[in-house]
Amino acid sequence: PRSDRFQGEQVPPGDERLVWLAGFTGSAGLAAVTAKAAAVIVDGRYTLQVRKQCNGEVFAFPEYKSTALANFLGECLSKDSIIGYDPWLHSHSAIQKLEKALEPRGLKLKAISPNPIDGIWQAEPEGQPAGPLGAFAAHDDDLTGETAAAKTERLALDLEQAGHAAHIVTQPDAIAWLLNIRGRDIPNSPLPLSFAVLQADGAVALFTDPRKVPPALLNSWGDRVTVSEEAKLGSWLKEFVKRAKGKTISFTPANTPRAITKMLDDAGAKTKHQSDPVE
């Protein structure tokens, strides 16, 4: 897909996998590659662009509709074929919908890690660009109109009243609002690329490269916000589920990567689908 693990249209250079693979630079679309055929699927905005940018001798351009991907895969693959996907780049609900569409065709999905495109890209002379390290910055209270502490406490009260131990926040713009921060990871858009867990006691666990968080910002949060590497999210959730003692952890299926919901499944979490309280 065009999106990165934050399901965003604007992505860092190292997440431009669709550009690397097919040459397509539009803001939305996806590619599928089988042993015998490949396709780039885009919506009506890019009907002309995709044909100009992508090699028509290599890629087919199926008509855009909700079943386009499933139809293409069903035509190219034999029954019982397995289709790999990167669970960080597809949301929980997107995978559920695709599984449902592929089932009548006898096809199955399998999450794979690491992404095979990354391995090939990294082996090239110039390599795959490294992840961004833009420093996060505080967005002043006089601009936001409400302190981060007030926001987290207000939303935490809603979680507690609903019986949830926490909510998984996966959208960088939501995290920017919640913690009154801005980021420098993407040109022209101040998104702080990160994941967060808002807990019912008002604490926030932020998962990003710690090098992005200046000491002054970290100190301003006190003990309300902890910062850990993204790679530690799975182990953190496992421990948190034990402490939650049967309370639910909510997440938004449309924007939570399947990789994270799999972590919740593996941890034995009791989960609840709901819209993002930050939104």
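First, a word on what this report is: a plain description of the structure on this page.

Rules used throughout
- Residues numbered from 1 in each chain as written.
- Predicted model: local features only at pLDDT ≥ 70, side-chain atom pairs only at ≥ 80, totals over all residues.
- Heavy atoms only, no water.
- Core = buried A, V, L, I, M, F, W, Y, C linked by side-chain atoms within 4.5 Å.
- Buried < 20%, exposed > 50% of the residue type's maximum accessible area, 1.4 Å probe, protein only.
- Helix = DSSP H or I, 4+ residues; strand = E, 2+ residues; numbered from the N terminus.
- Contact = heavy atoms within 4.5 Å.
- Pairing = 2+ DSSP bridges.

### Quick look at the nonpolar core
Turning to step 1, where the next piece is worked out: I168, V197 and L237 are the most contacted members of the largest nonpolar core, which totals 23 residues.
Turning to step 2, where the next piece is worked out: Within the residue set of this core, elements represented by two or more residues are strand 7 (164-169), strand 9 (195-199), strand 10 (204-207), helix 10 (233-244), strand 12 (248-251) and helix 11 (258-266).
Turning to step 3, where the next piece is worked out: Top contributing element to this core by residue count: helix 10, with six residues.
Turning to step 4, where the next piece is worked out: Setting aside its immediate chain neighbours within four residues, I168 contacts A196, V197, L237, I249, S250, F251, I260 and L264.
Turning to step 5, where the next piece is worked out: Grouped together as the second largest cluster of nonpolar side chains are 18 residues, V169, V204, V213 and W221 included.

### Concerning the pairing of strand 9
Turning to step 1, where the next piece is worked out: In terms of burial, strand 9 is largely enclosed, as five of its five residues are buried.
Turning to step 2, where the next piece is worked out: Burial of the side chains of strand 9 extends over both faces: F195, V197 and Q199 are buried on one face and A196 and L198 on the other.
Turning to step 3, where the next piece is worked out: Of the pairings in the sheet, the one linking strand 7 to strand 9 comprises four bridges and is antiparallel in character. If you follow I168 over to strand 9, its bridge partner there is V197.
Turning to step 4, where the next piece is worked out: Of the pairings in the sheet, the one linking strand 9 to strand 10 comprises four bridges and is antiparallel in character. Along strand 10, the bridge assignment pairs V197 with A205.
Turning to step 5, where the next piece is worked out: Linking strand 9 to strand 10, which pair antiparallel, is a turn of four residues; within it G202 sits at a positive phi near 95°.

Remember, this is a structural readout, not a statement about activity or role.
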